[in-house]
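Close look at the chain arrangement
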Amino acid sequence: MESPIPVDLTGVAETGLWTVYHRAAEATHHDTVLPDPQAVRLVAQLDFPFRERLGPARSGVAQAIALRALAFDGAVRTFLSAHPDGTVIALGEGLETTFWRVDNGRVQWVSVDLAEPLELRTRVLPQGRRQRHIPCDISRDPDSRWMERVDTSRGVLVTAQGLLMYLHPTRVHKLIAACAETFPGGTMIFDTVSRRFSARCRAGGKGPGGYRLPPMPWGMDPDGHQTLQAAHPAITAIRDVPLPVGRGITGHVLSWASALPLLRNNRPIITSLHFRAAPSDSARR
Ligand SMILES: C[S@@+](CC[C@H](N)C(=O)[O-])C[C@H]1O[C@@H](n2cnc3c(N)ncnc32)[C@H](O)[C@@H]1O
């Protein structure tokens, strides 16, 4: 048994512990929707009072977090089937373990996060030649700081799982615009909470399991596509990414939420944006 690793993250940086805690809980279910041995190992090894600080890991929430991760895994696999040597830029990656679930042996992987969570990631997860870490506060840094440091020559997928809700709406739109500008032909996938959930968090309401999530200034409802489109003219396609069908009643309700009257307009959404290719790329095709 490896020695425990002390962890002291707070505020928004702590939320990466909340997601890995739930993925680990789901992974231990006998009929799990997402096997995640790295998450299970991390939660066992980190010296952090998960339950006291984050509340009990409720099984419905754990499955929802795992299904979200599964949807992102699917988007990465689709990208890699078209761009096996491409670059995946995982914004706000925390202790997400997608890399080990989808690695094709060729992908270049860039993790971007605040300095402290990224330093923890370096200590507790293996890092190979094709993985890079770029510490950056996405809410403050000029956009180009991390963007200029990635290889864009073989295709780019930007993922932002569980991140954009913590940014201010103007910042989110600037980030999307900067990605559209810098990664022509690229794709970006992110998830959002509803405007109602965002307002509840701003008002200090507690999240699932009693955990007080940090404020989430940005929420989006299903009618938010028009605002996204306005972020940059190079956005050529906006698509909802369905949640894979899960286990039991909860797993089915989560996947069918977009068709259920009570949930349709008040649910998390996963969205993928495609950016227009540079003129020279289009001419080559
Ligand atoms: C809810 S966690 C999600 C972690 C991981 N993507 C997952 O799904 O397990 C949010 C992550 O975003 C990071 N984050 C929040 N605000 C950030 C910012 N301004 N700049 C960079 N990273 C940020 C946090 O440190 C944390 O790792």
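Shown above is the structure to which this text applies.
Before going into details, it helps to say that this report is about the structure given with it.

Cut-offs used in this document
Residue positions are given per chain, counted from 1 along the sequence in the order it is written. Per-residue local features are limited, in this predicted model, to residues with pLDDT of at least 70; the limit for side-chain atom pairs, both in listing and counting, is 80 or more; totals at the level of whole chains, interfaces and linings are taken over all residues. For side-chain calculations, the full set of non-hydrogen atoms in the structure is used, while hydrogens and water are omitted. Comment: elements are numbered from the N terminus, with helices defined as DSSP H or I runs of at least four residues and strands as E runs of at least two. Only C-alpha atoms enter the radius of gyration, while the globule expectation follows 2.2 Å times N to the 0.38, with N the number of residues. Each residue's exposure class comes from its accessible area (1.4 Å probe, protein chains only) as a fraction of the maximum for that residue type: buried when under 20%, exposed when over 50%, partly exposed otherwise. A 1.4 Å probe and the Shrake-Rupley method give the accessible areas. Residues count as covered only by the protein chains that appear here. The sign given to each residue is positive for Lys and Arg and negative for Asp and Glu; His and the chain ends receive no count. Where a charge sits is defined by one atom per residue type, namely NZ (Lys), CZ (Arg), CG (Asp) or CD (Glu). Helix axes are fitted to C-alpha atoms over the stretch in contact, other axes to C-alpha atoms as well, and angles between N-to-C directions run from 0 to 180 degrees. Here the angle decides the label: under 35 degrees means roughly parallel, over 145 means roughly antiparallel, 65 to 115 means roughly perpendicular, and every other value means oblique. Definitions for this section: a left-handed crossing has its near helix turned counterclockwise from the far helix by less than a right angle. A right-handed crossing has that turn clockwise. Note on contacts: a residue pair qualifies if any of its non-hydrogen atoms lie within 4.5 Å across the two residues. Note on residue categories: nonpolar means Ala, Val, Leu, Ile, Met, Phe, Trp, Tyr, Cys or Pro, charged means Asp, Glu, Lys or Arg, and polar means any other residue, Gly included. The method works on a 1 Å grid over the protein atoms by themselves. A cavity is a set of points holding a 1.4 Å probe that cannot get out, a pocket is an open set with protein on both sides within 12 Å along at least five of seven lines, and residues with an atom within 4 Å of a point line them. Grid points are joined across faces, edges and corners, and a volume is the space filled by probe spheres set on the points. Here the term patch refers to residues with relative accessible area over 30% and no salt bridge, with like charges joined within 9 Å and nonpolar side chains (Val, Leu, Ile, Met, Phe, Trp, Tyr) within 5 Å. When a carboxyl oxygen of Asp or Glu lies within 4 Å of a side-chain nitrogen of Lys or Arg, that pair is called a salt bridge. Pairing of aromatic side chains requires ring centres within 6.5 Å, counting the rings of Phe and Tyr and the six-membered ring of Trp. Pairs whose planes differ by under 30 degrees are stacked, by over 60 edge-to-face, and all others tilted. The near set for a molecule or strand comprises every residue that places at least one heavy atom within 4 Å of it. Here a polar contact is recorded for every N or O atom pair within 3.5 Å, except that within protein the pair must consist of a potential hydrogen donor and a potential acceptor, and residues adjacent in sequence are included only if both atoms are side-chain atoms. A pair of strands is treated as paired once DSSP finds two or more bridges between them.

What follows is about the overall build of the protein chain. When helices and strands are counted, the protein chain shows 12 helices and nine strands. For 285 residues, the compact-globule estimate of 2.2 N^0.38 gives 19 Å, and the C-alpha radius of gyration of the protein chain, at 18 Å, lies within 12% of that figure. Expressed along its principal axes, the backbone C-alpha trace of the protein chain runs to roughly 55 × 45 × 35 Å. Each of the 285 residues in the protein chain was classed as buried or not, and the buried ones make up 51%. With an accessible surface of roughly 13,400 Å², the protein chain has 54% of that area assigned to carbon and sulfur atoms. Within the protein chain, the 27 negative side-chain charges are centred at a point lying 4 Å from the centre of the 33 positive side-chain charges.

At their nearest, the axes of helix α4 (residues 59–82) and helix α11 (residues 248–256) sit 10 Å apart, and the two run at 45° to each other. It follows from the interaxial angle that α4 and α11 lie oblique. Here α4 and α11 pass one another in a crossing that is right-handed. Here α4 contributes Gly60, Gln63, Ala64 and Leu67 to the contact with α11, which in turn contributes Thr250, Gly251 and Leu254. Residues of the contact of α4 with α11, tallied by class, amount to three nonpolar, four polar and no charged.

Here we come to the environment of Ile5. As for its position among the elements, Ile5 is in strand β1 (residues 5–6). Residues Ile5 and Pro84, 79 residues apart in the sequence, show an inter-C-alpha distance of 35 Å. Those residues in contact with Ile5 that lie beyond four places of it in its chain are Gln45, Leu46, Asp47, Arg123 and Val124.

Its boundaries defined by the atoms lining it, the second largest pocket holds a volume of some 590 Å³. His83, Gly185, Gly186, Thr187 and His274 are, among the 27 residues lining the second largest pocket, the residues nearest its centre. Listing elements by their share of the lining of the second largest pocket, those giving two or more residues are α4, β6 (156–160), β7 (187–192), β8 (235–240) and β9 (269–275). Element by element, the count of residues in the lining of the second largest pocket is highest for α4, at four residues. Of the residues in the lining of the second largest pocket, the class split is 11 nonpolar, 12 polar and four charged.

With that settled, consider a nonpolar patch on the surface. On the surface, Val245, Ile249, Val253, Trp256, Leu260, Leu262 and Leu263 cluster together into a nonpolar patch covering about 710 Å² of accessible area. For Val253, the position within the fold is in helix α11.

Next up on the list: the packing of aromatic side chains. Counted by the stated rule, this structure contains seven aromatic pairs. Between Trp18 and Tyr211 the ring centres are 6.0 Å apart and the planes differ by 25°, which places this aromatic pair in the stacked class. Here Trp18, found in helix α1 (residues 11–27), pairs with Tyr211, found in the loop between α9 (195–202) and α10 (225–229); they are 193 residues apart in sequence, far enough to count as distant. The class for Tyr211 is buried, based on a relative accessible area of 5%. One aromatic cluster is present, built from ring pairs that chain together Tyr21, Phe48 and Phe50.

Taken together, 22 residues sit near the ligand, with Thr19, Gly92, Asp113, Asp137 and Ile138 positioned nearest. Measuring from an oxygen atom of the ligand, one finds a side-chain N or O atom of Thr19 at 2.8 Å. At 3.1 Å, a side-chain N or O of Arg23 approaches an oxygen atom of the ligand. About the coverage of the ligand: the protein hides 97% of its 590 Å² of free accessible area. Looking at the shell around the ligand, the element that brings in the most residues is α1, giving six residues. Here the residues of the shell around the ligand are counted per class, giving eight nonpolar, eight polar and six charged.

Now for the sheet that holds β6. Read across the open sheet, the seven strands follow the order β5-β4-β3-β6-β7-β9-β8; overall the sheet is mixed. On the outer flanks of this sheet lie β5 (131–135) and β8, each paired with one strand and no other. For this sheet, the mean inter-axis angle between neighbouring strands, taken without regard to orientation, is 20°. In terms of strand pairing, strand β4 (residues 108–113) meets β5 through five bridges, oriented parallel. Paired with Asp113 across the two strands is Pro135, which belongs to β5.

None of this, on its own, says anything about what the molecule does.
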